[in-house]
Amino acid sequence: CFFGPQSSSSSSPRKIPVMPPKKKEEVVAGSVDTDFQKTDSGASMTVPVQAGNVKKGSIVLLKGAPCKVESVSTSKTGKHGHAKATIIGYDIFNNKRYEDACPTSHNMEEVNVTRDEYTLLNIEDDGHISLLDASGEEKTDLKLPEELDFDKKLSEGIQALFSSGKSTTIVVQKAMGLEKVVDFREERD
């Protein structure tokens, strides 16, 4: 391989200065801090999707809220612009209606939603619930939902099943850093 002009008079290769190795630090057993923090997988809360590709049933951000798309309508291109998509959806946490219109070629944010199942351990008087996940970790930062009429019926159903002494599975929906109890059922043995 040729890397440039070489002098025929010098037959020795070019010397490259070498740095001396750094001193290694001694590590004594027990002196290293091994406290690891549990984090998520690093996945993004949203992924981009073109407005023209949004379908009914998708969950996208409308006006900053994660919404399940109820309807999508597109207008034809006009004399001076792009085709526009009008998207109507309902917030997945509080059922509030949102509407947004944007060019079909522009990107929107599709929301990553997860649904996790927990075993219900206890219901406090103030509505806080204690849950147990599949790995045996306890979760105590959720309350029974009470914002909407549907939420109140859901909470009453959970309390009735739990007070009857039956094992109860709780379904928690997570999106955009928010969590909410969305469903329950009697745990199968």
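Residues numbered from 1 in each chain as written. Predicted model: local features only at pLDDT ≥ 70, side-chain atom pairs only at ≥ 80, totals over all residues. Heavy atoms only, no water.

(A) Region of interest: the pattern of salt bridges. Taken as a whole and judged by the stated rule, the model has seven salt bridges. Across the pair Glu 99 and Arg 97 runs a salt bridge whose closest N-O atoms are separated by 3.6 Å. On the accessibility criterion, Glu 99 (38% relative accessible area) is partly exposed. Accessibility expressed as a relative area gives 45% for Arg 97, which makes it partly exposed. The partner of Arg 185 in a salt bridge is Glu 117, and the shortest N-O contact between them spans 2.8 Å. Of this pair, Arg 185 sits in strand β11 (residues 178-186) while Glu 117 sits in strand β7 (residues 114-123); the two residues are 68 residues apart in sequence, bridging distant segments of the chain. Relative accessible area serves as the criterion here: at 44%, Glu 117 is assigned to the partly exposed category. Because the salt bridges share partners, they merge into one network encompassing Asp 116, Lys 139, Asp 141, Lys 174 and Glu 179. (Salt bridge = Lys/Arg side-chain N within 4 Å of Asp/Glu carboxyl O. Buried < 20%, exposed > 50% of the residue type's maximum accessible area, 1.4 Å probe, protein only. Helix = DSSP H or I, 4+ residues; strand = E, 2+ residues; numbered from the N terminus.)

(B) Up close: the side chain of Thr 46. Looking at the element boundaries, Thr 46 is found in strand β1 (residues 46-50). A distance of 2.7 Å separates polar atoms of two side chains, one belonging to Thr 46 and the other to Glu 109. Leave out the neighbours within four places in its chain, and Thr 46 touches Leu 61, Glu 109, Glu 110, Val 111, Asn 112 and Met 176. (Polar contact = N/O pair within 3.5 Å; in protein donor to acceptor, adjacent residues only side chain to side chain. Contact = heavy atoms within 4.5 Å.)

(C) Fine view of the sheet that holds β11. Strand order in the open sheet formed by five strands is β9-β8-β7-β10-β11, with antiparallel pairing between adjacent strands. Of all the strands in the sheet, the pair left with one neighbour each is β9 (138-143) and β11. The mean angle between the axes of side-by-side strands here comes to 40°, regardless of whether they run parallel or antiparallel. (Pairing = 2+ DSSP bridges. Axes fitted to C-alpha atoms, helices over the stretch in contact; angles between N-to-C directions.)

(D) Up close: helix α1 (residues 149-163). Taking 1.5 Å as the rise per residue, α1 with 15 residues should run 21 Å; its terminal C-alpha atoms sit 21 Å apart, in good agreement. Every buried residue of α1 is accounted for by Asp 151, Leu 154, Ser 155, Ile 158 and Leu 161. All buried residues of α1 project into a common sector of 135° when viewed along the axis, lining one side. For α1, exposure combined with an orientation more than 90 degrees from the buried face picks out Asp 149, Lys 153, Glu 156 and Ser 163. Those residues of α1 hidden inside the fold are in contact with β7, β10 (168-175) and β11. Gly 165 sits one or two positions beyond α1 and adopts a positive phi of about 90°. (Expected span 1.5 Å × (residues − 1). Arc of directions from axis to C-beta.)

(E) Geometry of the nonpolar core. Residues Val 54, Val 60, Leu 62, Ile 87 and Met 108 are the most contacted members of the largest nonpolar core, which totals 13 residues. Where this core is concerned, the elements lending two or more residues are β2 (59-62), β3 (65-74), β4 (84-91) and β5 (97-103). It is β3 that provides the largest number of residues to this core, a total of three residues. Apart from the residues lying within four places of it in its own chain, the contact partners of Met 108 are Val 47, Pro 48, Val 49, Ala 51, Val 54, Val 60, Leu 61, Leu 62, Ile 87, Asp 100 and Cys 102. In terms of nonpolar packing, the next biggest core, distinct from the first, is built from 12 residues, Leu 120, Ile 129, Leu 131 and Ile 158 among them. (Core = buried A, V, L, I, M, F, W, Y, C linked by side-chain atoms within 4.5 Å.)

(F) How the structure looks around the pairing of β9. In this structure, strand β8 (residues 128-132) lies alongside β9, joined through four bridges in antiparallel fashion. When the bridges of β9 are listed, His 128 appears paired with Lys 143. Between β8 and β9, which pair antiparallel and follow one another directly, the connecting turn spans five residues, one of which, Gly 136, has a positive phi of 95°.

(G) Examining the environment of Thr 77 more closely. Here Thr 77 shows up in the loop between β3 and β4. The spacing of Thr 77 and Thr 104 is 27 residues in sequence and 9.8 Å in space, taken between C-alpha atoms. Setting aside chain neighbours within four positions, we find Thr 77 in contact with His 82 and Ala 83.

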